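Report on the structure
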Amino acid sequence: MPSIISSEKQLDLYSIKELPESHAWRSSLDDDGSRNINVESIPVIDLNDDKFAIDRIGHACKTWGAFQIINHNISQRLLNDMETCGTRLFSLPMQQKLKAARSSDGIAGYGVARISSFFSKLMWSEGFTIFGSPLEHARQLWPHNYNKFCDVIEQYENEMEKLAGRLMGLMLGSLGITKEDVKWAVGPRSGCSALQLNSYPACPDPDRAMGLAAHTDSTIFTILHQNNTSGLQVFREGNGWVTVPPLRGALVINVGDLLHILSNGLYPSVLHRAVVNRTRHRLSVAYLYGPPSGVKISPLSKLVDQRNPPMYRPVTWSEYLGTKAKHFDKALSSVRLCAPRIGFANSKDQSGVQVG
Ligand SMILES: C=C1C[C@]23C[C@@]1(O)CC[C@H]2[C@@]12CCC[C@@](C)(C(=O)O1)[C@H]2[C@@H]3C(=O)O
Ligand SMILES: O=C(O)CCC(=O)C(=O)O
Ligand SMILES: [Fe+2]
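Residues numbered from 1 in each chain as written. Chains lettered and ligands numbered in written order. Predicted model: local features only at pLDDT ≥ 70, side-chain atom pairs only at ≥ 80, totals over all residues. Heavy atoms only, no water.

Within an unreviewed UniProt entry, the label attached to the protein chain reads gibberellin 3beta-dioxygenase, and the organism entered is Solanum stoloniferum. What UniProt states about the protein chain under its Cofactor (unreviewed entry) heading is, verbatim, "L-ascorbate". Per its UniProt entry, the protein chain bears the Sequence similarities (unreviewed entry) comment "Belongs to the iron/ascorbate-dependent oxidoreductase family. GA3OX subfamily." (UniProt positions renumbered as here; feature names shortened; annotations may be inferred.)

Below you can see the structure in the form of C-alpha cells.
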C-alpha cells in the first residue's frame, strides 16, 4: 500500500531533543494571548436531567460552539481502555506504525493530520484514523495480538454511537426540531462516524510548536476524550484562545460544519486547535459524528422562512469532506448560498489560521 508519509515528513517526535525548523511555527517572543488563564471556559453540562440539559446545550452551541458533558453513561473503564489502546499504538516503533500508514487516496490509517498540506510548517503530532473496520490495520500493527485493540474500538464506537444519537436529539430539541423531522437521525445506526486518535509527544520547545493547527471539524459534532493533559483550545470572539481543561470522565463536544449548515448558521462550528507540552505526552480520541452516506445535509426546513433564507446548499458528508480537503478553511463559505445574516459573523472564514 503506498504511503503518503515520506520519512522526511513523519519524524519520530519522541526522540527529538531540539525543535527542528520544520516544526517551528513562531518565534518564542510571539504571544497569541492563549496563556490568559483567567477567562471563563466552555460550559460543563450534566446530562442527568434532559430538560435542563436542552437549554444549556442550545446556549452553549450558540455562544461557544463547544461544551463538556458529565454523567453521559460512558464508563471510566472504557475511556481508560481506549486510552491504553492509543498509548500502545503510538508507542510502537515508527517502522511498525508506518505499516499501517494512510494511503494517498484513503481516509483510514496512521499519519500526519490531513490538514498538514495547507501549512508550511509541520505539526507536533501523529494520528490514526479508523473508518469502518480497524482489523486490517490492527493486523499490520500487531500481527499476533490485534484482538484486544479491535474489541475496545468496537465497544467504544458502539457506546459513542448511542451517546451521539442522544446528543443529536437534545441538540435538535434545543432548535425546536423533533428527531422525526430529521428522518435519518432516528433509530440505531442513525449516523456515520470515524474515530481519530491523536498523539502529542512532549515537546522540547512547546511555545514555538503547534500540536494540531486551528480548524473546524467537518462533522455534525465531535465527541472528544482527552487524557489528563491540557492542550485543546477553542477560539472565542472577544476572548481569543481559551483552554478546555481536562476533567476526569468528562467529554468535550465540538459543533462541526454540518451542524452549522443544518442549523442555518444558528450553531456555528467552533474553531479549535491543540497546543503541546514540555513534559507530558497528550492523547485525545475524537469520535467524528456525521450523517449516513448519501444523505444531503441542508438547513432544516423549520429554520428557514422568507426572512431567513437557506444560507447553504445541500451537501453529502463525503462531498463536504472532498471540499474540505480542497479548500480547508474556505470550505463552509464555498457551499454558502448567500451572505451571512447581519450581526452574524463567521469567524471561520477569516479563520485566524496561522501559517508557519
Ligand atoms: C471524517 C474525517 C474528518 C477529518 C477528515 C476525516 O476524513 C478523518 C480525519 C478527520 C480529521 C481529524 C483531525 C482534524 C481534521 C481537520 C483532520 O485533518 O483530520 C479532521 C478532518 C475534518 O474534520 O475535516
Ligand atoms: O487533540 C485535541 O484536543 C483536538 C483533536 C481534534 O481537534 C480533532 O481530532 O479533530
Ligand atoms: Fe478537531
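1. Observations regarding the overall build of the protein chain
Each helix and strand in the protein chain was counted, giving nine helices and twelve strands. Expressed as a percentage of the 356 residues in the protein chain, the buried residues total 54%. (Helix = DSSP H or I, 4+ residues; strand = E, 2+ residues; numbered from the N terminus. Buried < 20%, exposed > 50% of the residue type's maximum accessible area, 1.4 Å probe, protein only.)

2. Some words on the coordination of the iron ion (ligand 3)
Donor atoms from the polypeptide that coordinate the iron ion (ligand 3) comprise His-215 (NE2), Asp-217 (OD) and His-272 (NE2), at 2.1 to 2.2 Å from the metal. Sequence positions of the donors to the iron ion (ligand 3) reduce to the motif H-x1-D-x54-H. Look at His-215 and you get buried, because its relative accessible area is 11%. For Asp-217, a relative accessible area of 9% corresponds to the buried category. (Donors = N, O, S within 2.8 Å, 3.2 Å for Na, K, Ca; no water.)

3. What about the site of ligand 1?
Inspection of the region around ligand 1 gives Ile-107, Arg-114, Ile-115, Thr-129, Gln-196, His-215, Asp-217, Ser-218, Leu-288, Trp-317, Leu-321 and Lys-324 as its neighbouring residues. Within the backbone of Arg-114, an N or O atom sits 3.2 Å from an oxygen atom of ligand 1. Ser-218 has a polar side-chain atom sitting 2.5 Å from an oxygen atom of ligand 1. In isolation ligand 1 exposes 460 Å². Once the protein is present, 95% of that is buried. Across the shell around ligand 1, the residue classes tally to five nonpolar, four polar and three charged. (Near = heavy atom within 4 Å. Polar contact = N/O pair within 3.5 Å; in protein donor to acceptor, adjacent residues only side chain to side chain. Areas by Shrake-Rupley, 256 points an atom, 1.4 Å probe, with all protein chains shown as cover. Nonpolar A, V, L, I, M, F, W, Y, C, P; charged D, E, K, R; others polar.)

4. Quick word on the UniProt feature "domain: Fe2OG dioxygenase" (unreviewed entry) in the protein chain
Taken from the UniProt record, the annotation "domain: Fe2OG dioxygenase" (unreviewed entry) applies to residues 190–291. Along residues 190–291 one finds 6% helix and 44% strand; the C-alpha atoms at either end are 7 Å apart.

5. A closer look at the environment of Pro-201
Residue position: Pro-201 is located in the loop between β5 (192–200) and β6 (212–215). Once you skip the residues sitting within four places of it in the chain, Pro-201 turns out to touch Leu-13, Tyr-14, Trp-124, Ser-125, Asn-277, Arg-280 and His-281. (Contact = heavy atoms within 4.5 Å.)

6. Considerations on the sheet that holds β6
In space, the four strands of this open sheet follow the order β6-β11-β8-β9, with antiparallel pairing throughout. Taken across any chain shown, the strands that pair with only one partner, and hence form the sheet edges, are β6 and β9 (240–243). Strand-to-strand, the axes of this sheet are offset by a mean angle of 25°, without reference to chain direction. Bridge analysis of strand β8 (residues 232–236) against strand β11 (residues 272–274) gives three bridges, and the strand direction is antiparallel. The residue of β11 that forms the bridge with Gln-233 is Arg-273. (Pairing = 2+ DSSP bridges. Axes fitted to C-alpha atoms, helices over the stretch in contact; angles between N-to-C directions.)

7. A word on unusual backbone geometry
Peptide bonds are mostly trans, and most non-glycine residues show a negative phi. Even without being a glycine, Asn-71 presents a positive backbone phi close to 55°. Along the chain, the position of Asn-71 falls in the loop between β2 (66–70) and α2 (76–90). Its identity as a non-glycine residue notwithstanding, Phe-328 has a phi of 45°, on the positive side. Here Phe-328 is to be found in the loop between α7 (317–327) and α8 (331–334).

8. Describing the site of ligand 2
Within the structure, ligand 2 sits among Gln-196, Asn-198, Tyr-200, Leu-212, His-215, Asp-217, Leu-224, Leu-232, His-272, Arg-282, Ser-284 and Ala-286. Measuring from an oxygen atom of ligand 2, one finds a side-chain N or O atom of His-272 at 3.0 Å. Protein contacts shield 95% of the accessible area of ligand 2, which totals 300 Å² for the unbound molecule. Secondary structure elements with two or more residues in the shell around ligand 2: β5, β6 and β12 (282–290).

9. A look at the packing of aromatic side chains
Per the counting criterion, the structure on display carries seven aromatic pairs. Pairing Phe-221 with Tyr-289 gives two aromatic rings, centres 4.8 Å apart and planes at 35°, and the pair type is tilted. Separated by 68 residues along the polypeptide, Phe-221 in strand β7 (residues 221–226) and Tyr-289 in strand β12 bring together distant segments of the chain. Cluster of aromatic residues (ring-pair linked, three or more members): Trp-25, Phe-118, Phe-119 and Phe-328. The side chain of Arg-88 reaches across the aromatic face of Trp-142, ending 4.4 Å from its centre. Of note, Arg-236 hangs over the ring of Trp-64, and the distance from its end group to the ring centre comes to 3.9 Å. (Phe/Tyr/Trp six-rings, centres within 6.5 Å; stacked < 30°, edge-to-face > 60°. Lys NZ or Arg CZ within 6 Å of the ring centre and 35° of its normal.)

10. Points about helix α1 (residues 50–63)
In this model, α1 (14 residues) spans 20 Å end to end at C-alpha, consistent with the 20 Å of a helix rising 1.5 Å per residue. Within α1, burial applies to Ala-53, Ile-57, Gly-58, Ala-60 and Cys-61. Down the axis of α1, the buried side of the element spans an arc of 170°, and every buried residue falls inside it. Across from the buried face of α1, at angles greater than 90 degrees, the exposed residues are Lys-51, Phe-52, Asp-55, His-59 and Lys-62. Elements that come into contact with the buried residues of α1 comprise β1 (44–46), β2, α5 (147–174) and β10 (251–255). The residue sitting at the N-terminus of α1 and contributing the capping side-chain oxygen is Asp-49; that oxygen lies 3.2 Å from the backbone nitrogen of Lys-51. Two residues or fewer after α1 comes Gly-65, characterised by a positive phi angle close to 75°. (Expected span 1.5 Å × (residues − 1). Arc of directions from axis to C-beta.)

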